[in-house]
Amino acid sequence: MIIFEIARNNLLASRRRTLFLGTALFGVTLLFVLLLSLTAGVTDNLIRGATAVSSGHVNIAGYYKSSPTDSQALVTNVDTLKAEARQALPDAVVVIDRLRGWGKIIADRGSVQTGINGIAFDDEADLFSMLTLAPAKDYRENPANPEETRGNFADLQKPNTILLFAGQAKLLKAEVGDSVTLRTETLKGATNTADVTVVAIARDLGLLSGFASFVPKQAVIDLYQFKPGVSGVVQIYLKDIKRSTAAMNELRAHLAKKGYAQLEHDAQPFFIKLLQTVPGEDWTGAKLDVTTWEDEGAFLVQIINGLKAVSLALVMLLAFVIVVGISNTMTIAVRERTREIGTLRAIGMNRSSILMLFLLEAAILGIVASGAGGLAGAGIAAAINAAAIRVDVDAMRIVLLSDTLHLVPRVVDVVIAVAVLTFVSAAAAFFPALRAARITPVTAMQSAE
Amino acid sequence: MSAIIEVQGVIKDYPLGKLSVRALHGVDLTIARGEFTAIAGPSGSGKTTLLNLIGCVDVPTEGTVVFDGAVTSKLSDRELTRLRLEKLGFIFQSFNLVAVLSVFQNVELPLLLQGGIGNDERKKRVVDILDRVGIGKYIGHRPNELSGGQRQRVAIARALVTRPKLVLADEPTANLDSVTGGQILGLMKELNQQQGVTFLFSTHDHRVMELAGRIVQVQDGRVVDDGKQGKTPTSASAAAPTPAAH
Ligand SMILES: Nc1ncnc2c1ncn2[C@@H]1O[C@H](COP(=O)(O)OP(=O)(O)O)[C@@H](O)[C@H]1O
Ligand SMILES: [Mg+2]
């Protein structure tokens, strides 16, 4: 196509201009892809983290209210519930239960609020494959050996032990081997305490780990003086996580048929329900609540939306600068090439072809420069990810849901970024191109001066 | 055979701020097929304006221009464009080649715009016409690698490659030295005689006028002599020669 050839050759002819705009497009696309990769990485952290630390793919939680203002996270006859889950969901691969509590960890030199998960070590292979022991520098000031890790997850099999995350250990100024006190309130409002030994400190998972600690089941049973058969939540892992929502609905229907009272579905994490929703409801007794991992992670999705919004705002700002640049440059080019355009019109080229000529010029620039930028961005994202760069700023860890930069470059994101910037580039050329299309062929006849 | 061009009572006004400038004051002119006609006149006399109207790049304010049977003021922009593409060839004072295309591509361009010609046929026509104008050796060059005379030869090839009914040339030699200008006009004349293409060109150069079969004299937007009585006598030294005003 000759128009394509003219457009391409004009780009090559004004090399300085092309290089300048091309570099800008390259840079913005690169940044765009990096931000998208980061968002994908955090999403990945969220999915992997949420389904290991705080949720199954599908959960059966329970709430108990002895008075209308009361709220306690528990289910009774947990073994029966597990059997119901197995029966309702043949594709369930793993079905476990955890006890849930809420209280304070008190150490010699500090205290923190935390959720307390009572677990059976042997049931939690997924959890411990997600967690890594934190190096000393993550929670101690000026450690002699910053990379040293202490403790052992398997010690959670011993009674009266606790697993903390680095962020908590830092606030508590606690160390593996220290004894800390757990303090909770029982159903009747009495406080109960238990002394536990810190056996492991795990690396932070940002917001996911901010309010989580793990103790053996018996520790929670003792704290709340639960009767046998009581637990906090049944966590169900499916063959395919994508079936979570469908599975939740099937399980809800199954439990309803079996006569269990249930809360209405509400996409909120359990602690919001425990601390806000359920205490405000006017009923007493026990109700079950079936949720998906997405419900439990809904508040974390805000982080991802925030990341997306920031990326979008940044890219839009830079894209605006590019629009101004391209549109100015094209206006100059149209002015410089007035006679040439007039000539093309005189010898029989249509207005629409002239329009196309300039749009094409911007689009070629856009696709080449942003294509290169997109590939470079994906490459850099992969390199950063491979380098497993550690993040030392706590605020960033919270948002990243990890203490390590995790970027996932995806083909679809590169395609989106390149498409968006190519479009932006062509769109920026629209008004100058329109101006070019309006140039009259008379111009061709006018003498040089 | 009917005339290729009939200009009847044409007035052309150009807007100039709130006023307007009258560039043509009622022009009548008929050009027959196969003619080799010069429009002569001093700078500012309205030569370019007249050629624009005949070349369908502009339409008259009043009066009619009939090109090959079509009244140009009744056609849309799209139709005028099609008409120029199919039936007209243009040669410009400043050559006006597309800088970023090769000589070959410049000449191929109108054929590509026309479409409907097979690849081989198109290539052959381009090569043939470039050979004919003596530029066969420079097929792959860019215009800026050629001299003025060579560029104008390429422009002639571009104008002729579509086998138009009329070729318009607005001061085709004004940017060339006199020897080269003479050669270019000689080439145009040859093509007129061998291929029967109708040429209409403007000039204010007397030596160039010599070659014309007919000279239409324009002054202050009026045709003062339409050259129908035969060749304007060379004794036209009476008509004061206008110094080249470029
Ligand atoms: N686009 C225009 N706007 C205003 N006046 C014009 C324009 N083009 C030509 N003119 C005027 O019309 C007259 C004829 O110009 P032109 O046709 O270019 O003469 P020539 O080609 O013989 O030198 C001149 O007075 C010129 O100033
Ligand atoms: Mg002129």
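Here the structure is a predicted model, which means the values were calculated and not measured.

Thoughts on the interface of chain B and chain A
A common way to express how large an interface is: the accessible area buried when the components associate.
Turning to step 1, where the next piece is worked out: Listed by partner, the interface residues are 25 residues for chain B and 24 residues for chain A.
Turning to step 2, where the next piece is worked out: At the boundary of chain B with chain A, the tally comes to two salt bridges.
Turning to step 3, where the next piece is worked out: For the salt bridge of D77 of chain B with R345 of chain A, the shortest nitrogen-to-oxygen distance reads 2.9 Å.
Turning to step 4, where the next piece is worked out: Summed over the shared surface of chain B and chain A, the number is eight residue pairs in polar contact (both at pLDDT 80 or more).
Turning to step 5, where the next piece is worked out: For the side of chain B that touches chain A, the secondary structure elements donating two or more residues are α1 (47–54), α2 (77–87) and α3 (103–114) of chain B.
Turning to step 6, where the next piece is worked out: Per element, the largest residue contribution to the side of chain B that touches chain A is five residues, and it comes from α2 of chain B.
Turning to step 7, where the next piece is worked out: Taken together, the residues of the side of chain B that touches chain A sort by class into eleven nonpolar, seven polar and seven charged.

Focus on the site of ligand 1
Residues and elements named next belong to chain B.
Turning to step 1, where the next piece is worked out: Surrounding ligand 1, one finds Y14, A23, P42, S43, G44, S45, G46, K47, T48 and T49.
Turning to step 2, where the next piece is worked out: Between an oxygen atom of ligand 1 and a side-chain N or O atom of T48, the distance comes to 2.6 Å.
Turning to step 3, where the next piece is worked out: When isolated, ligand 1 has an accessible area of 550 Å², and the protein chains bury 65% of it.
Turning to step 4, where the next piece is worked out: With three residues, α1 is the largest single contributor of residues to the shell around ligand 1.
Turning to step 5, where the next piece is worked out: When the residues that make up the shell around ligand 1 are grouped by side-chain class, the tally is three nonpolar, six polar and one charged.

Looking at the environment of I364 of chain A
All names here are of chain A.
Turning to step 1, where the next piece is worked out: Inspection of the secondary structure assignment puts I364 in helix α13 (residues 351–387).
Turning to step 2, where the next piece is worked out: Note: C-alpha distance between I364 and F4 (360 residues apart in sequence) is 8.7 Å.
Turning to step 3, where the next piece is worked out: Beyond its immediate sequence surroundings of up to four residues, I364 is in contact with F4, A7, R8 and L11.

Regarding the domain arrangement of chain A
Residues and elements named next belong to chain A.
Turning to step 1, where the next piece is worked out: Under the domain assignment, chain A is made up of domain 1 (2–48 + 299–448) and domain 2 (57–293).
Turning to step 2, where the next piece is worked out: Placing the centre of domain 1 and that of domain 2 at their C-alpha centroids yields a distance of 47 Å.
Turning to step 3, where the next piece is worked out: If you look at the interface, domain 1 gives 14 residues, while domain 2 gives 15 residues.
Turning to step 4, where the next piece is worked out: Between domain 1 and domain 2, a total of about 1300 Å² is buried, with carbon and sulfur atoms accounting for 61% of that surface.
Turning to step 5, where the next piece is worked out: Sorting the residues of domain 1 by area buried against domain 2 places F299, R390 and R397 first, and these three jointly supply 35% of that buried surface.

Conventions we followed
Residues numbered from 1 in each chain as written. Chains lettered and ligands numbered in written order. Predicted model: local features only at pLDDT ≥ 70, side-chain atom pairs only at ≥ 80, totals over all residues. Heavy atoms only, no water. Contact = heavy atoms within 4.5 Å. Salt bridge = Lys/Arg side-chain N within 4 Å of Asp/Glu carboxyl O. Polar contact = N/O pair within 3.5 Å; in protein donor to acceptor, adjacent residues only side chain to side chain. Helix = DSSP H or I, 4+ residues; strand = E, 2+ residues; numbered from the N terminus. Nonpolar A, V, L, I, M, F, W, Y, C, P; charged D, E, K, R; others polar. Near = heavy atom within 4 Å. Areas by Shrake-Rupley, 256 points an atom, 1.4 Å probe, with all protein chains shown as cover. Domains from an automatic or database assignment. Buried area = accessible area lost by both parts, 1.4 Å probe.

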